[in-house]
Every structure is written in structure tokens, then in C-alpha cells.
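What follows is the residue order along each chain.
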Amino acid sequence: MHIHFVCTGNIYRSRIAEAYLKSKNISKVKASSSGTNAEYYSGKIISSFATNVLREEGLLEYASRKMKQTTREVLNDADLIIFMTKEHYDWAVDSLGYKGDNYEIWDIKDIGSEEIVKSIKANVDSLVNREIYV
């Protein structure tokens, strides 16, 4: 199963979720991430807050090295799409014509805080515990 995480810049939330899921080493799961506005952040690899979190959590080796723009092809390649907010989902519908039913909206705000990191991890853990990838 290919699970894809979508946020705004692909420099914080979606990259942490992707790295955390990858760290689970689930053989049947591929994780990836992108941003609805990643092209705007051209040249920026990942936020310093996210880098610190990934380092502290031992997840740096699982993080993607480059940001990725959300495209129709990226979404079509995923079995499950996780939109960090409803705004990301709405953007995919309005800008890319996304019409799939293979998604979840997590309501993870774009605030660099430990609470947000805990929320991302809890949501990923819940996803894994549902064993939707079997």
C-alpha cells in the first residue's frame, strides 16, 4: 500500500509523517509526501524545526531529501492520501480535479510545536494500528 501525505510546503508536517511511517519498517507500506505549494518554497529543503524534530526522534534517515510538489500524478499513484487539513483537500479538488475517495483529512495545523508532532505521530500510529495495509 502506498500512503501519501500532503501539506502546504512539504517542508514540515507531511515530511515528518512520511519519515515516521517509514521508520515503522512495514514491508507492505510505501510512504511519500508532497506539498500543495512546494514550488513556492523552491530551494528550501525542510524547515529547521522539522530537522530538529527528525534528529531528536531518530527519524532523519527516513526523511525525503527533496521537497515535492503535489500533482495529479502523485495523487493517482497513492492508495491512500492523507491531507493535513481540509484546505489541502479542497486545493486538490479545485486545482487538480481530484475526485478520489481514497483519502483522510487529519486537521494538523501548520504550527511548529511539540503538540503538532505528537498529533502527527498519534495519527500515524492509529493508521498503522488499523492495519489498512494488509
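### Some words on helix α2 (residues 48–56)
- Among the residues of α2, Ala 50, Thr 51, Val 53 and Leu 54 are the ones counted as buried. All buried residues of α2 lie within an arc of 165 degrees about the axis, which places them on one face of the element. Opposite the packed face of α2, turned more than 90 degrees from it, sit the exposed residues Ser 48 and Glu 56.
- Those residues of α2 hidden inside the fold are in contact with α1 (13–23) and α5 (114–129).
- Just past α2, the residue Gly 58 takes up positive phi, approximately 70 degrees.

### Considerations on the pattern of salt bridges
- Counted by the stated rule, this structure contains nine salt bridges.
- In this structure, the salt-bridge partner of Lys 121 is Glu 57, at a minimum N-O distance of 2.7 Å. One end of the pair, Lys 121, is in helix α5; the other, Glu 57, is in the loop between α2 and α3 (72–76), and 64 residues separate them in sequence.
- Judged by its relative accessible area of 34%, Glu 57 is partly exposed.
- For the salt bridge of Arg 130 with Glu 104, the shortest nitrogen-to-oxygen distance reads 2.8 Å. Pair noted here: Arg 130 is in the segment after α5 and Glu 104 is in strand β4 (residues 103–105), with a separation of 26 residues, a long-range link.
- Accessibility expressed as a relative area gives 18% for Glu 104, which makes it buried.

### Some remarks on the nonpolar core
- By size, the foremost hydrophobic cluster in this structure holds 29 residues, and its most contacted members are Ile 3, Phe 5, Ile 16, Leu 21, Met 84, Trp 106 and Val 124.
- Among the elements of the structure, β1 (2–7), α1, α2, β3 (80–83) and α5 are those that each provide at least two residues to this core.
- At six residues, the largest contribution of residues to this core is made by α5.
- In this structure, Trp 106 is in contact with Phe 5, Ile 82, Phe 83, Met 84, Ile 120, Asn 123, Val 124 and Leu 127, ignoring residues within four places of it in sequence.
- Residues Val 6, Ala 78, Ala 92 and Tyr 98 belong to the second largest nonpolar core, which totals nine residues.

Parameters at a glance
- Residues numbered from 1 in each chain as written.
- Predicted model: local features only at pLDDT ≥ 70, side-chain atom pairs only at ≥ 80, totals over all residues.
- Heavy atoms only, no water.
- Buried < 20%, exposed > 50% of the residue type's maximum accessible area, 1.4 Å probe, protein only.
- Helix = DSSP H or I, 4+ residues; strand = E, 2+ residues; numbered from the N terminus.
- Arc of directions from axis to C-beta.
- Contact = heavy atoms within 4.5 Å.
- Salt bridge = Lys/Arg side-chain N within 4 Å of Asp/Glu carboxyl O.
- Core = buried A, V, L, I, M, F, W, Y, C linked by side-chain atoms within 4.5 Å.

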